[in-house]
Amino acid sequence: MPFIRESIITTLHEDGQTHITPMGAHETPNGLMLAPFKPSATLNNLLRTGTATINYTDDVRIFAGCITGRRDWPTVPTEVIKGVRLENCLTHNEVRVKTHQQNDIRPKFYCETVFEQAHQPFHGYNRAQSAVIELAILASRLHMLPEEKIQHEIEYLTIGFDKTAGDREHQAWEWLMQKITDFNETRDTQT
Ligand SMILES: Cc1cc2nc3c(=O)[nH]c(=O)nc-3n(C[C@H](O)[C@H](O)[C@H](O)COP(=O)(O)O)c2cc1C
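These numbers come from a predicted model, not from an experiment.

Q: What is the right way to look at the pairing of strand β8 (residues 108–118) in this model?
A: Of the pairings in the sheet, the one linking strand β3 (residues 31–34) to β8 comprises 3 bridges and is antiparallel in character. Counterpart to Leu-34 in the pairing with β8 is Phe-109. Looking at chain direction, strand β7 (residues 91–101) and β8 are connected through 10 bridges and run antiparallel. Bridge pairing in β8 places Val-97 opposite Cys-111. Between β7 and β8, which follow one another and run antiparallel, lie 6 residues.

In structure tokens:
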């Protein structure tokens, strides 16, 4: 089974603006692989610049925020590539694309790390943080999943969430649940 680091990817748009998005970074024997589904701004930026920053964070509001249109998180310039990293990330990797596998649905970008830095210790995710990341993945796939499956998963995730959530996790959960509720309302009006 592949090991996937659930991370926050920062890339640069053509006009120099930052693009921030959650994405899995797959570990491979020779580095990290990013696999954005089309269409994707991250994909376009990777094709154009050939670089990205992979940020690791325990502030799960960033996962939830990006999925709910809140992409304005503080960044600082990177060390080696032209780009930015999250200001409060725990660790970041600056990567260059070595090879790119074209695909109509989900191209793959095989990357080498040119710089890595740890900024703060990582103490692991608690259950609420893991639950928020899972809910963010669900919320990014609402158009692909039946409402009953989402509802069922929310019920399960709520158990762990309720045991350990702090302020940041509550905020993130609220943003995601609002998105899911709004989406379900549009489903109801379509049926
Ligand atoms: C934890 C997490 C992991 C994700 N991993 C991926 C991924 O590997 N590939 C992908 O295309 N989208 C992934 N997504 C969904 C993207 O963040 C979302 O679809 C986003 O809009 C990508 O498009 P963008 O590059 O235009 O921002 C993930 C979302 C979350 C919350």
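Having put the structure on the table, let's press on.
Q: Explain the pattern of salt bridges to me, please; I cannot follow it from the model alone.
A: Working definition: two side chains of opposite charge can pair if their charged atoms are close together. All told, the structure shown has 5 salt bridges when counted by the stated rule. With a closest N to O distance of 2.7 Å, Glu-153 and Lys-149 form a salt bridge. On the criterion of helical spacing, the pair formed by Glu-153 and Lys-149 is a turn pair, its members being 4 residues apart in helix α4 (residues 147–164). Looking at Glu-153, the relative accessible area reads 27%, which means it is partly exposed. When its relative accessible area of 37% is taken as the criterion, Lys-149 is described as partly exposed.

Cut-offs applied
Residues numbered from 1 in each chain as written. Predicted model: local features only at pLDDT ≥ 70, side-chain atom pairs only at ≥ 80, totals over all residues. Heavy atoms only, no water. Pairing = 2+ DSSP bridges. Helix = DSSP H or I, 4+ residues; strand = E, 2+ residues; numbered from the N terminus. Salt bridge = Lys/Arg side-chain N within 4 Å of Asp/Glu carboxyl O. Buried < 20%, exposed > 50% of the residue type's maximum accessible area, 1.4 Å probe, protein only.

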